[in-house]
Structure formats: C-alpha cells, structure tokens
Amino acid sequence: MIADSWVYDLLSMVAAWGTSLLSGVVGMGGGLTLIAIMLMYMDYWIVLPVHGVVQLASNSSRSLFLFRSIHWRYVAEYCVGLIPLGALGLLMIGKTNVVYIKLFIGGFILFVVYFPFRRFVWRHPQREFVLAGGLCGFFSMIAGGAGPLLAPFFLEKPLSRESVVSTQAACQLVTHLMKIVAFGVIWQFPFQEYGTLIIGMILAVILGTYMGKRILVRNLSEQRFRLIYKIVLTLLALKFLCWDRLRPLLQPYF
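From a predicted model like this one, the values you see are computed outputs, not experimental measurements. (Residues numbered from 1 in each chain as written. Predicted model: local features only at pLDDT ≥ 70, side-chain atom pairs only at ≥ 80, totals over all residues. Heavy atoms only, no water.)

**Q** I'm lost on the overall build of the protein in this one. Help?
**A** Scanning the protein from N- to C-terminus turns up 11 helices and zero strands. Secondary structure elements in the protein, listed N-terminal to C-terminal, are α-α-α-α-α-α-α-α-α-α-α. Residue burial in the protein is summarised as follows: out of 254 residues, 51% are buried. In the form shown here, the protein has an accessible surface area of approximately 12,400 Å², with 68% of it arising from carbon and sulfur atoms. (Helix = DSSP H or I, 4+ residues; strand = E, 2+ residues; numbered from the N terminus. Buried < 20%, exposed > 50% of the residue type's maximum accessible area, 1.4 Å probe, protein only. Areas by Shrake-Rupley, 256 points an atom, 1.4 Å probe, with all protein chains shown as cover.)

The structure is reproduced here in structure tokens:
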C-alpha cells in the first residue's frame, strides 16, 4: 500500500522524530527502524529514496550539532571504500535477496562485537574504515540502511561518545547523499511529488536529533554510553538473525 493520506504522513513524521531521537543518543539504529516502519504502508521503491533524503537531513543535523567532535580521518577513509562498492550495490538493486543480506549484517555485527575482529579480518586496523565504507556503501544501496555495519568499527576506538555519534553521522551523510544522487539521476525518482512528506519528516528528524544530542551530552556518561551502544548493536543483530526470519512464518497466525 502506498502512503497517500495525511494519516500515513503523520505516522511517518512521528516515526522520523522517534528514530532520530534514538540515533541522536546512540548514533545508530534509527535509520533501519524508520525504514522498517515505512515499509509497513509504503512501496519499497518509494521508501528507499524518501528514506535517503530524510536520513541525509538526520545525519546532517547530527553532524552539525556535534561538528567539532567529528574525526575527519575516519570519514575520509570511509569514503575511499564507499564510492566504488556503493556503485556496485546500485547495480544490484532488485537482484539480491534482502533476507540473505540481513543474515549477513546480523552475523557480521555479532562477530565484530564479541570476537577479536582485527586479529582475523583486517591486518591494517588503521585502514579498517575503508572496509567499513565498502560494506556500508554496498548494503545501504540494497537494504536502504546499513548503519549498524559501521557502528562496530567504533567499539575499540579511543573516542568520546560525542565523537562516535558525530563521526558515524558524517560517514552516513556521505552514504545517503550518494544514494539520493543515484535515485535522482539514474532512476529519475520524482522527489517533488513527495515534497510535503519529505519536508515534514526532515523537520521531525531535526527536532529528534536536537533532543537526542541534549540527552547524549548532559545525561550519559562514557561508560553508560558504551554499554547502551553494545546492547543496541546486539539487539539489532538478533532482529536480523531471528525476528526477520521468524516473522514471515508467524504472519499467517496474526
């Protein structure tokens, strides 16, 4: 069903506010939660580009509010991997089973969070954000959002909670900008037809980001932030591995 009424528009705006509040505090999870909600009542080919614009605004506002905390070297390395594999992911849209993509994302998150990632996967930890950019570029084009793939790379970094959130936002900003250009130029998506919805959701995510930033700076210690960060990552991974696999089987009973 395509959202063409004010009820669906309002629901999208509320969801945009709530999910941006989550991302403003933890730095991740909001984008994928938002796209999951929107797919309940909007067509996949509408959700991807609209979600891209809204997430661009969300990450831009988060980067702006915490601009001084951004670690630019990581952002630059991220872009090196993002551009070529993002272009490859664009070619794979509609040709890849999203179920398998979610299984990979969930498994990868748990592996990085709970196992010695650097020892087995990447011999040059100072360049691991190139790998992060490649993974996020490829999978964000297909699945609509791949922020949780980027998040584990920050777990062992000696960064403040503000730097973690702002640097993630800057990386994802570039990802969504690339996605918007791709959908606008290559797929010629009519963004202007959804202007009212997009503007409303952008205002909602800016408000949510501002409120999340206040909670992050004023109410979270570094230790508590790291704990919440790890918990959210684990829950997202379990969602991909378990819930998204079980939901189609349980759907006939609800």
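Additional details are given in the paragraphs that follow.
**Q** Quick question: what am I supposed to make of the pattern of salt bridges here?
**A** Opposite charge on two side chains allows them to pair when their charged atoms are near. Per the counting criterion, the structure on display carries three salt bridges. The closest approach of N and O atoms between Lys157 and Glu128, which form a salt bridge, is 2.8 Å. With a gap of 29 residues between them, Lys157 in the loop between helix H8 (147-150) and helix H9 (161-186) and Glu128 in helix H7 (residues 128-143) connect regions that are remote in the sequence. Assigned by exposure class, Lys157 and Glu128 land together as buried. Arg161 is paired through a salt bridge with Glu162; the nearest N and O atoms lie 3.8 Å apart. What makes Arg161 buried here is its relative accessible area of 12%. Note on Glu162: relative accessible area 15%, which makes it buried. (Salt bridge = Lys/Arg side-chain N within 4 Å of Asp/Glu carboxyl O.)

**Q** In this structure, what is going on with a nonpolar patch on the surface? I would like to understand it.
**A** A surface patch of nonpolar side chains, amounting to about 490 Å² of accessible area, comprises Trp17, Phe65, Ile206, Leu207, Tyr210 and Met211. It is helix H10 (residues 195-219) that contributes the most residues to the nonpolar patch, four residues altogether. Mapped onto the secondary structure, Ile206 falls in helix H10. In this structure Ile206 comes out as partly exposed when scored by relative accessible area, which is 34%. (Patch = residues over 30% accessible without salt bridge, like charges linked within 9 Å, V, L, I, M, F, W, Y side chains within 5 Å.)

**Q** Would you take a moment to explain the nonpolar core for this structure?
**A** Soluble globular proteins tend to bury their nonpolar side chains together. Formed by 74 residues in total, the largest nonpolar core has its most connected members in Val50 and Tyr229. For this core, the leading source of residues is H7, giving nine residues. Filtering out sequence-adjacent residues up to four positions away, Tyr229 remains in contact with Val26, Met28, Ala151, Phe154, Leu155, Val164 and Gln168. (Core = buried A, V, L, I, M, F, W, Y, C linked by side-chain atoms within 4.5 Å. Contact = heavy atoms within 4.5 Å.)

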